[in-house]
Amino acid sequence: MVRIHTLHIEPPVVNASCAWATDYEQLRELYDSPHTGAVVTRTATFNGFSEDASNAVAFAKSSVSTLNSYGYSPYPLSNYLDWVYTLLTTPMLDGSPPTKPVVISITASTPTVLAEMVENIQALRRKLRATYATLGDFTPSSPTRTKRHSSGSSSSHTQHVPTAFVPAMDPATLIGIELNSSCPNIKDAPPPSYTFAFLLPYLDVLSSAFYSDPSLTIGIKLPPYLYSTRFVEVLRFLHTYTREIRPAAFVKGTTHEPLDASGQAMRSLNPFAYLACTNTLGNCILFSEETFSRPFDTPTDSDAGSSNNVNMDTDEPAPAPPSPDPSPSPPPPSSTSSTPPPHPPSPTLFPASPFALPPALGGLGGESLHPLALGNVYSFARLLAAHPDPAMRRIRLVGIGGVTSAAAAARMRAAGASVVGCATLLGREGVRAFEILAGHP
């Protein structure tokens, strides 16, 4: 088991925040999997992100890689609060209480909006405490409760929760927050964590929330960095949020000192418990001839394959993937200058776009990103391990990027990740992806 502040993750494998963790049904399936140690939602905004036909994903033929032009979730934060509450108040199929953490991924255009989102998540955590405190006096509710029974059964989980359902842990510690600071696909809004100083007003909001309630676990999803100075810069800024603590600041009403995962007394705290490395690499192109496409929520047997178009179960050649539909052409670029600057040929110059994605450019993930993701994890791990501040040394790494096999997961852990996460493999294989990562293909 891996402990990231108040989150206990076993097995140490999660889904990355992605399009395959968008709605309740997808989150339910991820939560029910015995091969996930926690679930991370798709990134929510306060009111929901406007999606259209330009937001898409393409799967590479030659490797387990993807290119996507997705932004954030079309569902507002309020939907995720309802869904997470349902996940954490509905008994598991065997009647046991839910103990798997859920991390709510969020982002906002202003610190003020972010503060409101964080407060709404804190209200959900308080609601969970109140719900569990009533012991058997509440009935779990689910928007899709009829899907929680076994095939052929008409019964569902509608019984009152028995006293034994309530776990000994604080139920609020089953919820964490991840700030997505690194989506490369938002028009006119480059990832702020590439210029980390721009992120500080948002980190101030999260830091304030943490020091008001140090049971809150907070992570930051970072982009892939290319230069050593970037890693140093990130940690230099994060270190400014460390504070010396008194015992009562963490455990109110007692004189016990808080202990870290190794049982050592904590003399200082940093509000940021983990870094997720990395998000996709922006400004990439794949051509249609290199890819195949399908709706992200309807994986099919015919195109679920590993690298080199080989079936992961049998090692036999997989059936040929379907040809992608012609992509709609985006509007021509506009310019405020009377003499537009030179630019590469636009997809609009072609009757049928040769590119895999409607906007041509997108974020690269999967095996193609793996070496860079490993380098990011390794660089942060070395700097954190050598940091003079023990609070900084407690920051954990979630390794994301090309975790498409058990061997890739092992490499990510060897580079320094405490937990590994995947998205591309989830998109190709569904929740079976986590069986593959566990070495049970």
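These figures come from a predicted structure and were not determined experimentally.

**Remarks on the side chain of Asp-213**
Tracing the backbone shows Asp-213 in the loop between α4 (200–212) and β9 (217–222). Look past the residues within four positions of Asp-213 in its chain and what remains in contact with it is Gln-122, Arg-125 and Arg-129.

**A closer look at unusual backbone geometry**
Going from Glu-10 to Pro-11, the amide bond is cis rather than trans, its omega being 0°. Tracing the sequence through the fold places Pro-11 in the loop between β2 (7–9) and β3 (13–15). Cis geometry is found at the peptide bond from Cys-277 to Thr-278, where omega equals 10°. Secondary-structure assignment places Thr-278 in the loop between β12 (274–277) and β13 (281–284). One non-glycine residue, Asn-283, lies in positive phi territory at about 65°. Looking at the secondary structure, you find Asn-283 in strand β13.

**Quick look at the environment of Ala-415**
For Ala-415, the position within the fold is in helix α9 (residues 406–415). A relative accessible area of 12% means that Ala-415 is categorised as buried. The spacing of Ala-415 and Val-377 is 38 residues in sequence and 6.1 Å in space, taken between C-alpha atoms. With residues near it in sequence (within four places) discarded, Ala-415 still touches Leu-374, Val-377, Tyr-378 and Ala-381.

**Things to note about the packing of helix α1 (residues 24–32) against helix α2 (residues 77–89)**
Contact pair α1 / α2: the axes reach a minimum separation of 11 Å and the direction vectors enclose 30°. Relative to α2, the crossing made by α1 is right-handed. For the pair α1 and α2, contact is made by Tyr-24, Leu-27, Arg-28 and Tyr-31 and by Tyr-80, Trp-83, Thr-86, Leu-87 and Leu-88, respectively. Among the residues forming the contact of α1 with α2, the class breakdown is 7 nonpolar, 1 polar and 1 charged.

**Comments concerning helix α5 (residues 228–239)**
Here α5 spans 17 Å end to end across 12 residues, near enough to the 16 Å set by a 1.5 Å rise per residue. Taken together, the buried positions of α5 are occupied by Phe-231, Val-234, Leu-235, Phe-237 and Leu-238. In an axial view of α5, the angular spread of the buried residues amounts to 160°, which keeps them on one side of the axis. Those residues of α5 that are exposed and aimed more than 90 degrees away from the buried face are Ser-228 and Thr-229.

Calculation criteria
Residues numbered from 1 in each chain as written. Predicted model: local features only at pLDDT ≥ 70, side-chain atom pairs only at ≥ 80, totals over all residues. Heavy atoms only, no water. Helix = DSSP H or I, 4+ residues; strand = E, 2+ residues; numbered from the N terminus. Contact = heavy atoms within 4.5 Å. Buried < 20%, exposed > 50% of the residue type's maximum accessible area, 1.4 Å probe, protein only. Axes fitted to C-alpha atoms, helices over the stretch in contact; angles between N-to-C directions. Left-handed = near helix turned anticlockwise from the far one by under 90°. Nonpolar A, V, L, I, M, F, W, Y, C, P; charged D, E, K, R; others polar. Expected span 1.5 Å × (residues − 1). Arc of directions from axis to C-beta.

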